[in-house]
Amino acid sequence: MDNSFGCCVGGKFVVTIHETELKEAIHLGIEKAREQGRPILVSEVRKAGAIEALCFFDSGRTDFFGERFYWRDPEGGFYIAGLGIAAQLSSDLAEGRFSYIGRSWNELIQGGIIVNPYKEAGLGPLMFGGFSFDPHKQKTALWSKYPDSLFHIPRFMLTVAGGEAFLTTNVVCTKHDGISLFKKVAGERESLLKNIGTRMDVEVPSLKEIKEIAAGEWKGTVMEAVTQLQEGPLKKVVLARELRLLFESEVESGAVLGRLELEQKASFIFSFESGGDSFIGASPERLIKKRGRSVRSACLAGSIQRGKTGNEDTMLGNQLLSDEKNLKEHQYVVDMIRDAMEKTCDSVVIPDQPQLMKVRDIQHLYTPVEGIAKESSSLLDIVERLHPTPALGGLPKEAAIAKIRELETLDRGLYAAPIGWMDYAGNGEFAVAIRSGLIQGKEASLFAGCGVVANSDAESEYLETGLKFRPMLSALGGIKE
Ligand SMILES: C=C(O[C@H]1C=CC=C(C(=O)O)[C@@H]1O)C(=O)O
Ligand SMILES: [Mg+2]
């Protein structure tokens, strides 16, 4: 199989650099840091010519390995790629973690010097990262590189929006810095931009082995959950399992992202590196998008396979639209999201009936949600209200999380959790990090779960999780077609 993907087209990229603005801004930043006795964030945005986001990501492969992130939205027109860490917000707090990160972010950007003449969201100072699924769950070594809340403010970031590319440079100035800080950052930027467009094709290495982690035990857990769901008061609980993959050599996330981009056109594509590990995925599920006060969310739950022919696919879709078990699984999500959105929004619009969302490997029941957020509701306030929706946790929320903590052997880490970004104006977007995996050198863990309700069948749920592994398995060369 040919696993190679070229990512840069056109060969030559010209980026015009006017250093004066960054130089002046850093100079001012250092002065301000001395006056105020605290660090000052400096951020400069400029147009970047025709650079592809994945190309930019790949060009940081050596110098910024372990400090990169990548994001593409499902509409396909918006990309961000970050290299290096200008600042980091992290915490293992379990209670109040969303507001802690929100406060830390506001402190960091407060009084910052921002040179950004453009109107687009996702430029200038921006934090990218995520929150673990359940900060109360006992941690294992699997997720040791990711604190429960982890956000990076990149040194360099490429944003592609509305067909144009923008380069952001972020620097935190302290009272101890001098003008050598500018020289250092400008030098890094110059060598970064020189590297773009000269990358070699990267390949996903051969897959040696796929280990199913405790599949039999997992089915037993589903049956146990079904018994408890029949007794009430729990209505739904989402249970997940893991595959562990072994490769011939180290997996380069740029190669995996290239394949996900081609294969999963209707999904969010993301990657978030920390300490040498890389959390990566292709999620079809939006948690929340915010632009100004306009917000969008999605109810996504209830699943069936894709058909081999157009007719079969339509038939399966119709079957899903009228299947009692899946409709129930879906309705719990709609009810909870409506409630969470009504608490944080002035108005909310949700259609009465679900429609189908078809992605390459699976089809889902899908209900879009739109609203106007209250003046006082920040993006993170809404994330906190929504996470986890019953598509990832269950219903009632707290009881379901506690049940997962008790029954599931998997350490979910960032799987099924909010991953995304927020800029300095409060715009941003979080997806639910499903159809995902954690790459660790020559190994990777993949995760998939399913909504268990009182009339679930363990074998069908097992097969459904099999479908949900496919996006990552395929990108990693684990599906021979
Ligand atoms: C928990 C996952 O999917 C959720 C999203 C869509 C459909 C789901 C379902 O039908 O069970 C799940 O709730 C996963 O992919 O790991
Ligand atoms: Mg399901």
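Residues numbered from 1 in each chain as written. Chains lettered and ligands numbered in written order. Predicted model: local features only at pLDDT ≥ 70, side-chain atom pairs only at ≥ 80, totals over all residues.

With respect to the overall build of the chain
Then, in step 1: Broken down by element type, the chain carries 11 helices and 25 strands.
Then, in step 2: The principal-axis extent of the C-alpha atoms belonging to the chain is close to 65 × 50 × 40 Å.
Then, in step 3: When the 481 residues of the chain are sorted by exposure, 53% land in the buried category. (Helix = DSSP H or I, 4+ residues; strand = E, 2+ residues; numbered from the N terminus. Buried ≥ 20, exposed ≤ 12 C-beta atoms within 10 Å, placed from the backbone.)

Things to note about the site of ligand 1
Then, in step 1: Around ligand 1, a shell composed of 19 residues is seen, among which Ser303, Ile434, Gly449, Cys450 and Gly451 lie nearest.
Then, in step 2: Looking at the shell around ligand 1, the elements that each hand over two or more residues are β13 (236-247), β17 (294-304) and β25 (443-453).
Then, in step 3: Among the residues making up the shell around ligand 1, the classes are represented as 10 nonpolar, five polar and four charged. (Near = placed C-beta within 6 Å. Nonpolar A, V, L, I, M, F, W, Y, C, P; charged D, E, K, R; others polar.)

Topic: the packing of helix α3 (residues 97-109) against helix α9 (residues 379-386)
Then, in step 1: Orientation of α3 relative to α9, taken along the N-to-C sense of each, is 165°, at an axis distance of 9 Å. As far as their axial angle goes, α9 and α3 are roughly antiparallel. In this structure, α3 meets α9 at a crossing whose hand is right-handed. Of the residues in α9, those touching α3 at Phe98, Ile101 and Gly102 are Leu380, Val383 and Glu384.
Then, in step 2: A class-by-class count of the residues in the contact of α3 with α9 yields four nonpolar, one polar and one charged. (Axes fitted to C-alpha atoms, helices over the stretch in contact; angles between N-to-C directions. Parallel < 35°, antiparallel > 145°, perpendicular 65-115°, else oblique. Left-handed = near helix turned anticlockwise from the far one by under 90°. Contact = placed C-beta atoms within 7 Å.)

A closer look at the UniProt feature "binding site: Mg(2+)" (unreviewed entry) in the chain
Then, in step 1: The positions that UniProt labels "binding site: Mg(2+)" (unreviewed entry) are, in the present scheme, Glu329 and Glu464. For the annotated residues, spread through 136 residues, the largest C-alpha to C-alpha distance comes to 13.5 Å, consistent with a single compact locus.
Then, in step 2: Note on Glu329: 26 C-beta atoms within 10 Å, which makes it buried.
Then, in step 3: For Glu329, the contacting residues outside a window of four places in its chain are Lys236, Ala301, Gly302, Gly451 and Val453.
Then, in step 4: Within the element layout of this structure, Glu464 appears in helix α11 (residues 458-475).
Then, in step 5: Leaving out residues up to four positions away in the same chain, Glu464 has contacts with Ser303 and Cys450. (UniProt positions renumbered as here; feature names shortened; annotations may be inferred.)

Quick notes on the nonpolar core
Then, in step 1: Ranked by size, the top nonpolar core spans 147 residues in total, and within it Ala53 and Leu158 carry the most contacts.
Then, in step 2: Inspection of this core shows a minimum of three residues originating in each of domain 1 (4-198) and domain 2 (207-475).
Then, in step 3: With residues up to four places along the chain from it excluded, the contact list for Leu158 reads Ala48, Ile51, Ala53, Phe56, Ala81, Ala165 and Leu167. (Core = buried A, V, L, I, M, F, W, Y, C linked by C-beta atoms within 7 Å. Domains from an automatic or database assignment.)

Here's the deal with the domain arrangement of the chain
Then, in step 1: Assigned domains of the chain: these are domain 1 (4-198) and domain 2 (207-475).
Then, in step 2: Between domain 1 and domain 2, the C-alpha centre-to-centre distance is 27 Å.
Then, in step 3: Domain 1 puts 44 residues into the contact, and the matching count from domain 2 is 48 residues.
Then, in step 4: Listing elements by their share of the side of domain 1 that touches domain 2, those giving two or more residues are α2 (53-59), β3 (68-72), α3 and β7 (126-131).
Then, in step 5: Broken down by element, the residue count for the side of domain 1 that touches domain 2 peaks at six residues, all from β7.

Details of the environment of Met336
Then, in step 1: Considering the arrangement of structural elements, one finds Met336 in helix α8 (residues 324-344).
Then, in step 2: Counting along the chain gives 10 residues from Met336 to Asp346, while the straight-line C-alpha distance between them is 17 Å.
Then, in step 3: Contacts of Met336, omitting those with residues within four sequence positions, involve Thr389, Pro390, Leu395 and Lys397.

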